[in-house]
Amino acid sequence: MSSTASSPTTPTSAPTEPSAAERTAVRRWAAVAVLSLSTFVVVTSEMLPVGVLTPMAEGLGITAGAAGSSLTVTGLVAAVAAPLVPRLLGSLDRRAVLAAAMVVLALGNALTSLAPGFAALVTARVILGIGMGAVWGLAAAVAIRLVTPARAALAVSFAVSGVAAASVAGVPLGAVIGNALGWRSAFTVLAVAAVVLAVALPLFLPRLPRPAAARPTAGGAPTLFTPPVLVGLGVIVLLVTAHFAAYTYVRPVLEDRAGLDPSVIALLLLVYGVFGLLGNFAAGAVAARRTRATVLGLAVGVGAAVALLALLGTVPLAAGAGIALWGLAYGGVSVAGQIWMTRAAPDRVEHVTGLYVGVFTASIALGALVGGGVVEFAGVTWLLWGAAALAWVSLAVGLLGPGPDPRGAHHREGEPRRG
């Protein structure tokens, strides 16, 4: 009797089947993971020319500067596509739109791999920019529809973590493939990856119809361009412009001021990327509770890191500390800015996220342009001080203007979230 009672085959010891809610939660987080992989491929596709610039320019018979301008083309097209796509979607299923956008991205990469010259390259990068803007612009808005409100910030962090991961591993991985098999093969690999994700997105994502219509204000005007939204966009424009003005020239800063050799610089850029990935998730967790304070704290961090490089960048240890702080601070900007936007316009998440990504990518192009002009006429030291000052101006804008309403986190756009 007693042996029977203690037998491992009794019903009390049988494994419990996962509940329907638990199975749903797993499926929804798997869908967020596919979104994260999509943003990884998108940003790697945008930035890959950095890693294969020299052989790419030689293969196309153009200058390195002309090859590098393909990044600007992609960024500017994405800046237009990201806010425009949500306005054109109508009642289309968002998972189908994301899948189609990944096909467009695959086409852009494939055409890049086949480009015989500069004109074909520009055409391919325009096509790639359309796919990029659509995917990046919708990723965060879709992610928060997949999970419970308490997990929304984590879902956004996870979905856009592909952006940070691409800076750590995406471009170096593409460069390794390019070095081993040729630069065209690197773009071919990205085209294949985009096709795989285009198939995976409809399989993993649930049906995602058009979100509920936006509520008008008391005066009947759309609620998108509210003061908190405009202030948040102002902070992002200034902060991202400051970052890319300086970061575009981080290698000559480390070479000329700190006297570091290429192997040490490569290690520091890896440190920057790793700290950036940590900053992405840390900022997402904190911004869920204190959105405005998080964004403004990141502005302080970016300004302090760049100022440290300007002040003590000739000391290798100080330069390394500045790079680590820079990665930690800037790594959280994208996700914290996304959360600011969704809190500031909770009933227009798709539209405000698309607008945010458009402004963000345009600021990348603006920063690189401004940084080039300052370096040309004043040198890298003035560039660093100017970028630090611009980051602190973004802090002032955020302090003086209204932030997002924390209660916006509890409003839901579209169908009920589960999981």
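No experiment lies behind these values; they were computed from the predicted model shown.

Rules used in this analysis
- Residues numbered from 1 in each chain as written.
- Predicted model: local features only at pLDDT ≥ 70, side-chain atom pairs only at ≥ 80, totals over all residues.
- Heavy atoms only, no water.
- Helix = DSSP H or I, 4+ residues; strand = E, 2+ residues; numbered from the N terminus.
- Buried < 20%, exposed > 50% of the residue type's maximum accessible area, 1.4 Å probe, protein only.
- Contact = heavy atoms within 4.5 Å.
- Areas by Shrake-Rupley, 256 points an atom, 1.4 Å probe, with all protein chains shown as cover.
- Polar contact = N/O pair within 3.5 Å; in protein donor to acceptor, adjacent residues only side chain to side chain.
- Axes fitted to C-alpha atoms, helices over the stretch in contact; angles between N-to-C directions.
- Parallel < 35°, antiparallel > 145°, perpendicular 65-115°, else oblique.
- Left-handed = near helix turned anticlockwise from the far one by under 90°.
- Nonpolar A, V, L, I, M, F, W, Y, C, P; charged D, E, K, R; others polar.
- Core = buried A, V, L, I, M, F, W, Y, C linked by side-chain atoms within 4.5 Å.
- Phe/Tyr/Trp six-rings, centres within 6.5 Å; stacked < 30°, edge-to-face > 60°.
- 1 Å grid on protein atoms, 1.4 Å probe; cavity = no way out; pocket = protein on both sides within 12 Å on 5 of 7 lines; lining within 4 Å.
- Points joined across faces, edges and corners; volume = space filled by probe spheres on them.
- pLDDT = per-residue confidence, 0-100.
- Expected span 1.5 Å × (residues − 1).
- Patch = residues over 30% accessible without salt bridge, like charges linked within 9 Å, V, L, I, M, F, W, Y side chains within 5 Å.
- Salt bridge = Lys/Arg side-chain N within 4 Å of Asp/Glu carboxyl O.

As for the overall build of the chain
Each helix and strand counted, the chain has 16 helices and 0 strands in total. The buried share among the 419 residues of the chain stands at 53%. In the chain, the proportion of contacts linking residues at least 24 apart, taken out of those at least 6 apart, comes to 85%. Approximately 17500 Å² of the chain is accessible, and the part contributed by carbon and sulfur atoms is 72%.

Here we look at the side chain of D93
When you line up the elements, D93 lands in the loop between α4 (64–88) and α5 (94–114). Only 2.8 Å separates the side chain of D93 from the side chain of R95, close enough to count as a polar contact. Discounting residues that sit within four places of it in the chain, D93 has contacts with R207 and L208.

Structural notes on the packing of helix α6 (residues 118–143) against helix α15 (residues 349–377)
Put simply, α6 and α15 touch, their axes get as near as 8 Å, and they point 130° apart. Of the possible angle classes, the one that applies to α6 and α15 is oblique. The crossing of α6 and α15 is right-handed. Along its contact with α6, which presents M132, W136, G137, L138, A140 and A141, the element α15 presents V349, E350, T353, G354, V357, F360 and T361. Residues belonging to the contact of α6 with α15 are distributed by class as follows: 8 nonpolar, 4 polar and 1 charged.

Focus on the nonpolar core
Counting residues in each nonpolar core, the largest one holds 116 residues, and the members touching the most others are M102, W326, Y330 and F360. For this core, the leading source of residues is α6, giving 11 residues. Leave out the neighbours within four places in its chain, and M102 touches S38, V41, V42, V135, A194, L197, A198 and L201.

Quick notes on the packing of aromatic side chains
For the coordinates displayed, the defined rule picks out 7 aromatic pairs. A ring pair is formed by F244 and Y330, whose centres lie 6.0 Å apart and whose planes are at 85°; its orientation type is edge-to-face. Within this pair, whereas F244 is found in helix α9 (residues 227–247), its partner Y330 is found in helix α13 (residues 316–331), the two being separated by 86 residues in sequence. An angle of 85° between the planes, with centres 6.4 Å apart, marks the rings of Y272 and W326 as edge-to-face.

Concerning the side chain of T112
The topology assignment puts T112 in helix α5. With near-sequence residues (within four places) excluded, T112 lies in contact with M56, L121, A124, R125, W183, R184 and F187.

Examining empty space enclosed by the protein
All chains considered together, the criterion is met by 2 cavities of 30 Å³ or more. For the second largest cavity, the calculated volume is near 30 Å³. Looking at the second largest cavity, the residues that line it are G232, V235, I236, V295, G337, W340 and M341. Put simply, the parts of the chain that give the lining of the second largest cavity at least two residues each are α9 and α14 (333–344).

Brief notes about the confidence of the model for the chain
Scored by pLDDT, the chain has a mean of 83; 87% of the residues are at 70 or more. Note on residues 1–15: pLDDT is under 50 here. Beyond four places in sequence and across chains, it has 4 contacts. Residue range residues 216–221 is modelled with pLDDT below 50. Its contacts to residues more than four positions away, or to other chains, number 4 contacts.

Focus on the environment of R87
Locating R87 in the fold gives a position in helix α4. Residue classification places R87 among the partly exposed positions, given a relative accessible area of 48%. A C-alpha to C-alpha distance of 7.1 Å links R87 and H351, two positions 264 residues apart in sequence. When neighbours within four sequence positions are excluded, R87 is seen to be in contact with L224, R348 and H351.

Digging into α4
With 25 residues, α4 extends 36 Å from end C-alpha to end C-alpha; this agrees with the ideal 36 Å at 1.5 Å per step. Phi turns positive one or two residues past the end of α4, at G90, with a value near 60°.

Describing helix α8 (residues 183–204)
Along an α-helix, residues three or four apart share an orientation, since each turn contains 3.6 residues. For α8, built from 22 residues, the straight-helix expectation of 32 Å at 1.5 Å per residue is met to within 8% by its first-to-last C-alpha distance of 32 Å. Those residues of α8 that fall on the buried side of the exposure criterion are W183, A186, F187, L190, A191, A194, L197, A198, A200 and L201.

Digging into the environment of P262
Tracing the sequence through the fold places P262 in helix α11 (residues 262–287). Along the primary structure P262 and R251 are separated by 11 residues, whereas in three dimensions their C-alpha atoms are 8.7 Å apart.

Concerning a nonpolar patch on the surface
Nonpolar side chains collect at one region of the surface, where L267, L270, V274, F275, L278 and L328 lie side by side and expose about 510 Å² of accessible area between them. Sorting elements by how many residues they give to the nonpolar patch places α11 first, with 5 residues. Among the secondary structure elements, L270 is positioned in helix α11.

Things to note about the environment of I144
Position of I144 among the secondary structure elements: in the loop between α6 and α7 (152–181). Distance from I144 to V349, taken between C-alpha atoms, is 9.2 Å for residues 205 residues apart in sequence.

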